[in-house]
Amino acid sequence: ILYTGGAVGVLFIGGAALVVRTIGVLLLSLGTVAGQLLGALVLDLGAGVGLLSTLAGSIDGIERVTAIEANPDLIALIRETHRVNGVTGVDLRNGVVSAGAGAAVSFYLRRDFWASSVEPGSRPYDRVASLPNIAITDLIAEVKPTVIICDIEGAELDLFGSADLSGVRSMIIELHPKVYGEA
């Protein structure tokens, strides 16, 4: 269902608010762009436990899903999430996506996996992992995504400035102003 205005629009907004409260912004956003998913090449940055890559990988008509997760402790869990849901063919990679090429990147692992990030100062961390750096420009040139989903705990702020997004139809980005400051 897409927003149509008028009374239906008011109902849509009310329903959307309920969905956001119960399911979350990223799932609502994915549902909003559902009409654009036919033939989509999905790039999931910050795959977490594999929920969105599993969802995308199970939708008929999505051509390919590439999922990137920095937290090395989550890779086996993501694979298991895919397996138990019968999702095959997701290209899962471990590394940190950044604006530029370079050496390995420090990734700060926290007790709550969702709080782990490349930013050391926002909250205490348990340990540091050195991970491969994946330049966003190279990744986009290789994967050629038409849909990008991005939840990378604050690293999104400077990520897309030099990226060629001309082939991207939709982007779903969770912003983290507590990490980099309010506007």
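All of these numbers come straight from a predicted model, not from anything done at the bench.

Participant: Before we move on, could you go through helix 4 (residues 75-84) and cite the residues and values that matter?
Facilitator: Every buried residue of helix 4 is listed here: Ile-75, Ile-78, Thr-81 and His-82. Projection of helix 4 onto a plane perpendicular to its axis shows the buried side chains occupying an angular sector of 120°, all on one side. Among the exposed residues of helix 4, those oriented more than 90 degrees off its buried face are Ala-76, Arg-83 and Val-84. Count one or two residues on from helix 4 and you reach Gly-86, which has phi positive near 70°.

Participant: Any details on the sheet that holds strand 3 (residues 91-94)? Residues and values, ideally.
Facilitator: Backbone hydrogen bonds hold the strands of a sheet together, and the pairing may be parallel or antiparallel. Across the sheet, five strands lie side by side as 3-2-1-8-9; this open sheet has parallel pairing. With partners counted over all chains shown, the strands left at the sheet margins are strand 3 and strand 9 (170-173), one partner each. Across the sheet, the mean angle from the axis of one strand to that of its neighbour is 10°, orientation sign disregarded. Pairing between strand 8 (residues 147-150) and strand 9: four bridges, direction parallel. Counterpart to Val-147 in the pairing with strand 9 is Ser-170. On the sheet, helix 4 packs against strand 2 (64-69) and strand 3 and is oriented at approximately 170° with respect to strand 3.

Participant: Pulling in residues and values, what's your account of the pattern of salt bridges?
Facilitator: All told, the structure shown has four salt bridges when counted by the stated rule. Arg-127 is the salt-bridge partner of Asp-73, the closest N and O atoms lying 2.3 Å from each other. With a gap of 54 residues between them, Asp-73 in the loop between strand 2 and helix 4 and Arg-127 in strand 6 (residues 127-131) connect regions that are remote in the sequence. Among the residues examined, Asp-73 registers a relative accessible area of 48% and is labelled partly exposed. You can call Arg-127 partly exposed: its relative accessible area is 39%.

Definitions and limits used
- Residues numbered from 1 in each chain as written.
- Predicted model: local features only at pLDDT ≥ 70, side-chain atom pairs only at ≥ 80, totals over all residues.
- Heavy atoms only, no water.
- Buried < 20%, exposed > 50% of the residue type's maximum accessible area, 1.4 Å probe, protein only.
- Helix = DSSP H or I, 4+ residues; strand = E, 2+ residues; numbered from the N terminus.
- Arc of directions from axis to C-beta.
- Pairing = 2+ DSSP bridges.
- Axes fitted to C-alpha atoms, helices over the stretch in contact; angles between N-to-C directions.
- Contact = heavy atoms within 4.5 Å.
- Salt bridge = Lys/Arg side-chain N within 4 Å of Asp/Glu carboxyl O.

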